[in-house]
Amino acid sequence: MTVVPTAVTPFATSVYRDRLARAGVEATARGIDALLVTPSSDYAYLLGYRPPALERLTCLVLPAEGVPTLVVPQLEEPLARHELGDLVDSVDLRSWGETDDPFRVVRDRLRGGAMRVGVQDQMWARFVLRLRAALDPIEMVVAGPTLSALRQRKSPEEIERLRAAAAAADAAMQQITGERLSGQTEAQVSRRIRDLLLEAGHDTADFAIVASGPNAASPHHEAGERLIGAGEAIVLDIGGTRGGYCSDTTRTAFVGEPAPDFAALYEVLRRAQAAACDAVRPGIPAQAVDRAAREIIEEAGYGERFFHRTGHGIGLETHEEPYIVAGNAEPLETGHAFSVEPGIYVEDEWGARIEDIVVCTPDGAERLNQTSRELFIVE
């Protein structure tokens, strides 16, 4: 069997050297002696490639100080050397054979005196449990806060990747909202959107929610064989990846002339989404952006119809920090990238959502998505 890594278009080698160094500094600040990272978005962020996540252990051992070690199965060492490129000079590459114990290799690569290690959030339980036994009595804690502190502050190069992904998603959205949707099934429209995402330049088309009529009241509806008909709202939530970075945008369409009560609902939503985007600026708590949208929706009497957070961070993953939700008092910073996507859902009738990816800038918010936020009228 041949397994290839998930495509990630790498940055310059200096970017990854800097990320490895900053991760060590961040770990030190949090009292962590080393980070253990297996194949994941965190791994790709630090090393520039994403190897296959298999039953054989691949693990980056990143000490707070000193040279990182990459522990890989022997049969994957050539792949690792190829994907690392010049970065291999900054990493101690250690391969293990089929009869070796890779968990002992990890233990041996930890610097003497290490008492607290951070374990990458998405590490498989089978690896966590064996590492815990091999490293005892070293304390194991989650590495998420350490790595998220780096990943959620996007560099100009990362923002450019997000901008390109958003533009491609916009092109697909603009095309699908200009086509006849009535008479087609949700699944047919979803397949068409996936094709459009790839045609527009996405490397992957990861999702295409098409929720029509009463299904529009289900935020994560799975497109099915329901026929789209006249007088119905359609929520279109689409996205994929380009150059390793994600897109995610939602627009709402209506087949024919919208009913007055739906038009009124949609206008409330449009104002709420605009208010949330306008609230974005460095230093404001993430929850304040959520509050800006929610207040308008609540004042209009739809409070119980908006039952999810206003947004989520985006980058190498569609959902990552910062989360735009009540209770998150962490201040926004320049370089934070996230969705702003309030929705209103009336069970058994219809629903609507507007979603843009925005970047927090020194002057406020840059909306990466540029398609109209008015209600799309379609055939």
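A brief report on the enclosed structure follows. This is a predicted model, so every value here is computed, not measured. (Residues numbered from 1 in each chain as written. Predicted model: local features only at pLDDT ≥ 70, side-chain atom pairs only at ≥ 80, totals over all residues. Heavy atoms only, no water.)

1. Describing unusual backbone geometry
Okay, step 1: Look at the link from aspartate 136 to proline 137: it is a cis peptide, with omega at 15 degrees.
Okay, step 2: Tracing the sequence through the fold places proline 137 in the loop between helix H5 (125–135) and strand E6 (139–142).
Okay, step 3: Cis geometry is adopted by the peptide bond preceding proline 322, which originates at glutamate 321 and carries an omega value of 5 degrees.
Okay, step 4: Assignment of secondary structure puts proline 322 in strand E12 (residues 320–324).
Okay, step 5: Despite not being glycine, aspartate 348 shows a phi value in the positive range, around 70 degrees.
Okay, step 6: Residue placement: aspartate 348 occurs in the loop between strand E14 (343–346) and strand E15 (350–353). (Helix = DSSP H or I, 4+ residues; strand = E, 2+ residues; numbered from the N terminus.)

2. Focus on the pattern of salt bridges
Okay, step 1: Applying the stated criterion to the full structure yields 30 salt bridges.
Okay, step 2: A salt bridge links glutamate 320 to arginine 151; the shortest N-O distance between them is 2.7 Å. Of this pair, glutamate 320 sits in strand E12 while arginine 151 sits in helix H6 (residues 144–151), placing them 169 residues apart in sequence. Per residue, the accessibility class of glutamate 320 equals that of arginine 151, and both read buried. (Salt bridge = Lys/Arg side-chain N within 4 Å of Asp/Glu carboxyl O. Buried < 20%, exposed > 50% of the residue type's maximum accessible area, 1.4 Å probe, protein only.)

3. A few points about the side chain of aspartate 248
Okay, step 1: Counting through the fold element by element, aspartate 248 comes out in the loop between strand E9 (245–246) and strand E10 (249–255).
Okay, step 2: At 7.2 Å, arginine 353 is the nearest oppositely charged side chain to aspartate 248, a buried residue that forms no salt bridge.
Okay, step 3: Reaching out from aspartate 248, the side chain makes a polar contact with the side chain of histidine 312 at a distance of 3.2 Å.
Okay, step 4: Excluding its chain neighbours within four sequence positions, the residues that come into contact with aspartate 248 are Phe207, Asp237, Ile238, Gly239, His312, Ile314, Thr318, Glu341, Glu355, Ile357 and Asn369. (Lys, Arg positive; Asp, Glu negative; His and termini not counted. Polar contact = N/O pair within 3.5 Å; in protein donor to acceptor, adjacent residues only side chain to side chain. Contact = heavy atoms within 4.5 Å.)

4. Quick notes on the sheet that holds strand E5 (residues 116–119)
The strands that make up a sheet are held in pairs by hydrogen bonds between backbone atoms, and each pair lies either parallel or antiparallel.
Okay, step 1: Here six strands make up an open sheet; going across it, the order is E4-E3-E2-E1-E5-E6 and the pairing mixed. For this open sheet the edge positions go to strand E4 (92–96) and E6, each flanked by a neighbour on one side alone. Within this sheet the neighbouring strands show an average axis-to-axis angle of 25 degrees, counted without direction.
Okay, step 2: One ladder, built from three bridges, connects strand E1 (residues 34–37) with E5; its direction is parallel. Counted as the bridge partner of leucine 35 is glycine 118 from E5. (Pairing = 2+ DSSP bridges. Axes fitted to C-alpha atoms, helices over the stretch in contact; angles between N-to-C directions.)

5. Some details on the side chain of arginine 353
Okay, step 1: In this fold, arginine 353 is placed in strand E15.
Okay, step 2: For arginine 353, a relative accessible area of 2% gives the class buried.
Okay, step 3: Among the polar contacts listed, one links the side chain of arginine 353 to the side chain of aspartate 237, at a separation of 3.0 Å.
Okay, step 4: A polar side-chain atom of arginine 353 sits 2.8 Å from a polar atom in the side chain of tyrosine 345.
Okay, step 5: With near-sequence residues (within four places) excluded, arginine 353 lies in contact with Pro219, Val235, Asp237, Thr250, Arg251, Thr252, Leu269, His308, Glu341, Pro342, Gly343 and Tyr345.

6. Here we look at the packing of helix H1 (residues 13–29) against H6
Okay, step 1: At a minimum axis distance of 9 Å, the contact between H1 and H6 shows a crossing angle of 135 degrees. By the angle class used here, H1 and H6 are oblique. For the crossing formed where H1 meets H6, the hand is right-handed. Residue-level inspection shows Arg19, Arg22, Ala23, Glu26 and Ala27 of H1 in contact with H6, the latter providing Thr146, Ala149 and Leu150.
Okay, step 2: Here the contact of H1 with H6 is composed, by residue class, of four nonpolar, one polar and three charged. (Parallel < 35°, antiparallel > 145°, perpendicular 65-115°, else oblique. Left-handed = near helix turned anticlockwise from the far one by under 90°. Nonpolar A, V, L, I, M, F, W, Y, C, P; charged D, E, K, R; others polar.)

7. So, the nonpolar core
Okay, step 1: If you look at the biggest cluster of nonpolar residues, it comprises 39 residues, and the most contacted ones within it are Leu35, Leu46, Leu47, Leu60 and Leu70.
Okay, step 2: Apart from residues lying up to four places away in sequence, leucine 70 is in contact with Tyr43, Leu47, Tyr49, Thr58, Cys59, Leu60, Ala80, Leu84, Val91, Asp92, Leu93 and Arg94.
Okay, step 3: Counting 33 residues, the second largest nonpolar core, distinct from the first, contains Tyr266, Val289, Ala292 and Ile324. (Core = buried A, V, L, I, M, F, W, Y, C linked by side-chain atoms within 4.5 Å.)

8. What about H5?
Okay, step 1: For H5, every residue scored as buried is listed here: Phe127, Leu131, Ala134 and Leu135. In a view along the axis of H5, the buried residues occupy a sector of 85 degrees, so they form one face of it. What points out from H5, more than 90 degrees from its buried face, is the exposed set Ala125, Arg132 and Ala133.
Okay, step 2: As for H5, its buried residues are in contact with E1, helix H4 (102–109), E5 and E6. (Arc of directions from axis to C-beta.)

9. Some remarks on the packing of aromatic side chains
Okay, step 1: All told, the structure shown has nine aromatic pairs when counted by the stated rule.
Okay, step 2: Both rings, one in tyrosine 43 and one in tyrosine 49, keep their centres 5.4 Å apart while their planes meet at 80 degrees; by these two values the pair is edge-to-face.
Okay, step 3: The buried category is assigned to tyrosine 43, whose relative accessible area is 0%.
Okay, step 4: Using a relative accessible area of 2% as the deciding quantity, one classes tyrosine 49 as buried.
Okay, step 5: Aromatic pair phenylalanine 254 and phenylalanine 262: ring centres 5.1 Å apart, planes at 40 degrees, arrangement tilted.
Okay, step 6: Overall, phenylalanine 254 belongs to the buried group, its relative accessible area being 1%.
Okay, step 7: Phenylalanine 262 sits in the buried class, given a relative accessible area of 0%.
Okay, step 8: Through a chain of ring-to-ring contacts, the aromatic side chains of Phe11, Tyr16 and Tyr245 assemble into a single cluster.
Okay, step 9: Sitting above the plane of the tyrosine 45 ring, arginine 19 keeps its charged end 3.9 Å from the centroid.
Okay, step 10: Taking the ring centre of phenylalanine 11 as reference, the NZ or CZ of arginine 161 above it sits at 4.1 Å. (Phe/Tyr/Trp six-rings, centres within 6.5 Å; stacked < 30°, edge-to-face > 60°. Lys NZ or Arg CZ within 6 Å of the ring centre and 35° of its normal.)

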